[in-house]
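# Report on the structure
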Amino acid sequence: MIDRDRIEIDFARAIARADELEAMAGELYELAKGDVSLTLTLLARSFRGENGKLFLQKGKQMAPEIFELADQMHKAASNIRFSAEVIYKAEKAAQTLAMY
């Protein structure tokens, strides 16, 4: 395989992984926004007593943590894209210099 092809494939793989990570972050965000709140609401109707209250309080603390995790995943995807772009440009420049 020619180095040029390897550079293109490596770049495409990195971008694909960043896209996957960003998609997972989006799904996690949607899960925290909808399913967690709905589940806690349903549990609150039938989960009574002190232990029930403690469980629901802990559950309510989870949503912000899930949002934070989703945000961190978005940032990681962005960093992967940025790094891939820098490496891609550097490898292309090195390849061009090697031709001369």
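Read on for an overview of the structure. On a predicted model such as this, the values are computed, not experimentally measured, just so you know.

### Points about the overall build of the chain
- When helices and strands are counted, the chain shows two helices and zero strands.
- Overall, the chain is about 75 × 15 × 15 Å in size when its C-alpha atoms are taken along their principal axes.
- When burial is assessed residue by residue, the chain has 19% of its 100 residues classed as buried.
- A separation threshold of at least 6 residues defines the contact pool for the chain, and within that pool the share at least 24 residues apart is 82%.
- Total accessible area computed for the chain in this model is approximately 7400 Å², and 61% of it derives from carbon and sulfur atoms.

### Overview of helix α2 (residues 49-99)
- Between its first and last C-alpha atoms α2 spans 75 Å; for 51 residues at 1.5 Å apiece the expected length is 75 Å, and the two agree.
- Considering only its buried residues, α2 is in contact with α1 (3-46).

### Brief notes about the environment of I66
- Turning to its location among the elements, I66 is positioned in helix α2.
- Owing to a relative accessible area of 15%, I66 belongs among the buried residues under this scheme.
- In this structure the C-alpha to C-alpha distance between I66 and Y29, which are 37 residues apart in sequence, comes to 7.0 Å.
- Those residues in contact with I66 that sit more than four places away from it in its chain are L28, A32 and V36.

### Quick look at the pattern of salt bridges
- Considering all chains together, one arrives at nine salt bridges under this definition.
- Note that E30 is salt-bridged to K33, the shortest N-O span being 3.4 Å. Here E30 and its partner K33 are both found in helix α1, three residues apart, which amounts to about one turn of the helix.
- Classification of E30 by relative accessible area gives partly exposed; the value is 43%.

### Some thoughts on α1
- Taking 1.5 Å as the rise per residue, α1 with 44 residues should run 64 Å; its terminal C-alpha atoms sit 63 Å apart, in good agreement.
- For α1, the principal kink sits at L31 and spans about 35°.
- Those residues of α1 that are buried lie in contact with α2.

Rules used throughout
- Per chain, residues are indexed from 1 in the order of the written sequence.
- A pLDDT threshold of at least 70 governs which residues receive local features in this predicted model, and a stricter bar of 80 or more applies before side-chain atom pairs are shown or counted, although totals over entire chains, interfaces and linings include all residues.
- Side-chain figures throughout are based on the complete set of non-hydrogen atoms in the structure, without hydrogens or water.
- Every helix listed is a DSSP run of H or I at least four residues long, and every strand listed is a run of E at least two residues long, numbered separately from the N terminus.
- Residue exposure (1.4 Å probe, protein chains only): buried if accessible area is under 20% of the type maximum, exposed if over 50%, otherwise partly exposed.
- The contact rule is simple, with two residues in contact once any of their heavy atoms fall within 4.5 Å.
- Shrake-Rupley sampling with a 1.4 Å probe provides the accessible areas, and residues are treated as covered by the protein chains on show and by no other component.
- Take the residue count of a helix, subtract one, and multiply by 1.5 Å to get its expected span.
- What counts as a salt bridge is simple: a side-chain nitrogen of Lys or Arg found within 4 Å of a carboxyl oxygen of Asp or Glu.
- One axis is fitted to the seven residues ending at the residue and one to the seven starting there. The bend at that residue is the angle between these axes.

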